[in-house]
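Close look at the chain arrangement
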Amino acid sequence: MSIDVRFGADGRARCAWVGDDLEYARYHDEEWGVPLHGDRALFEKMSLEGFQAGLSWITILRKRPRFREVFAGFEPAAVAAFGEDDIARLMTDAGIIRNRAKIEATISNARLVLDLEPGELDSFMWSFAPASHRRPATFAEVPATTPASDALSKALRKRGFRFVGPTTMYALMQSAGMVDDHVDGCWRVMP
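These figures come from a predicted structure and were not determined experimentally. (Residues numbered from 1 in each chain as written. Predicted model: local features only at pLDDT ≥ 70, side-chain atom pairs only at ≥ 80, totals over all residues. Heavy atoms only, no water.)

1. So, unusual backbone geometry
Look at phenylalanine 74: it is not a glycine, yet its phi comes out positive at around 60 degrees. Within the secondary structure, phenylalanine 74 is located in the loop between helix H3 (57-70) and helix H4 (76-80). We note that phenylalanine 163 has phi near 60 degrees; this positive angle belongs to a residue other than glycine. On the secondary structure map, phenylalanine 163 appears in the loop between helix H8 (147-158) and helix H9 (166-175). (Helix = DSSP H or I, 4+ residues; strand = E, 2+ residues; numbered from the N terminus.)

Printed below as a string of structure tokens:
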């Protein structure tokens, strides 16, 4: 067994990045890499990945319930209606990441989602999923970006979206199941 896989207390071999954290193990087993569809769900994922930029994902994961609460469940129409009072309120909320640029980008991105037809964000983002993707043998094989994440980032930025850089978009592609980066030996096999 490689050092890139680690056995949990339940005896399952998981990607080693999970460590001993039970919430991380739940996220790994139930969410990470599972195909995610829907405009609201992908808007939430895009927003949280944007907030994660420069931080660890476990920080975002632990704050996700509060993010969902203060960002109206990431319903694009509700978030798009946020104004200066909402930004001020969010900037004082220690339960989230208080970064004004990221908060403003989330609101701006919600407005851009509303400009799309229902289902368009989903089909647009998934159109960048590679037709084939080889599961990595080790974490050393997992890239920070790919041509697909570069292209998705560029296309989103062209439409005006913010905090959607190539590394952030590759993290979204991993977490939303557009690619399967569970390493060889991990019990989680994606469809």
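2. A closer look at H8
Taking 1.5 Å of rise per residue, the twelve residues of H8 would be expected to cover 16 Å, and the 16 Å separating its terminal C-alpha atoms lies within 8% of that figure. Positive phi shows up at glycine 160, right after H8, with a value of about 105 degrees. (Expected span 1.5 Å × (residues − 1).)

3. Describing the packing of H8 against H9
The interhelical angle for the contact between H8 and H9, taken along N-to-C directions, is 115 degrees, at an axis separation of 8 Å. With respect to their mutual orientation, H8 and H9 come out roughly perpendicular. For the pair H8 and H9, the sense of crossing is right-handed. Seen from H8, the contacting residues are Ala148, Ser149, Asp150, Leu152, Ser153 and Leu156; seen from H9, they are Pro166, Met169, Tyr170 and Met173. Here the contact of H8 with H9 is built from residues that sort into seven nonpolar, two polar and one charged. (Axes fitted to C-alpha atoms, helices over the stretch in contact; angles between N-to-C directions. Parallel < 35°, antiparallel > 145°, perpendicular 65-115°, else oblique. Left-handed = near helix turned anticlockwise from the far one by under 90°. Contact = heavy atoms within 4.5 Å. Nonpolar A, V, L, I, M, F, W, Y, C, P; charged D, E, K, R; others polar.)

4. Quick notes on the state of the cysteines
Linking two cysteines covalently through their sulfur atoms gives a disulfide. Using the criterion set out here, one finds zero disulfides in the structure. A disulfide-free cysteine, cysteine 15 has its sulfur positioned 3.8 Å from the sulfur of cysteine 186, the nearest such atom. (Disulfide = S-S within 2.5 Å.)

5. Quick notes on the packing of aromatic side chains
Throughout the structure, instances matching the rule amount to ten aromatic pairs. Aromatic pair tyrosine 27 and tryptophan 57: ring centres 5.8 Å apart, planes at 40 degrees, arrangement tilted. Placement of the pair is tyrosine 27 in helix H1 (residues 22-30) and tryptophan 57 in helix H3, with a sequence separation of 30 residues. You'll find tyrosine 27 and tryptophan 57 in the same group, each marked buried. When the ring of phenylalanine 43 is compared with that of phenylalanine 74, the centres are 6.1 Å apart and the planes differ by 65 degrees; the resulting orientation is edge-to-face. Of the two residues, phenylalanine 43 sits in helix H2 (residues 39-52) while phenylalanine 74 sits in the loop between H3 and H4, which places them 31 residues apart along the sequence. (Phe/Tyr/Trp six-rings, centres within 6.5 Å; stacked < 30°, edge-to-face > 60°. Buried < 20%, exposed > 50% of the residue type's maximum accessible area, 1.4 Å probe, protein only.)

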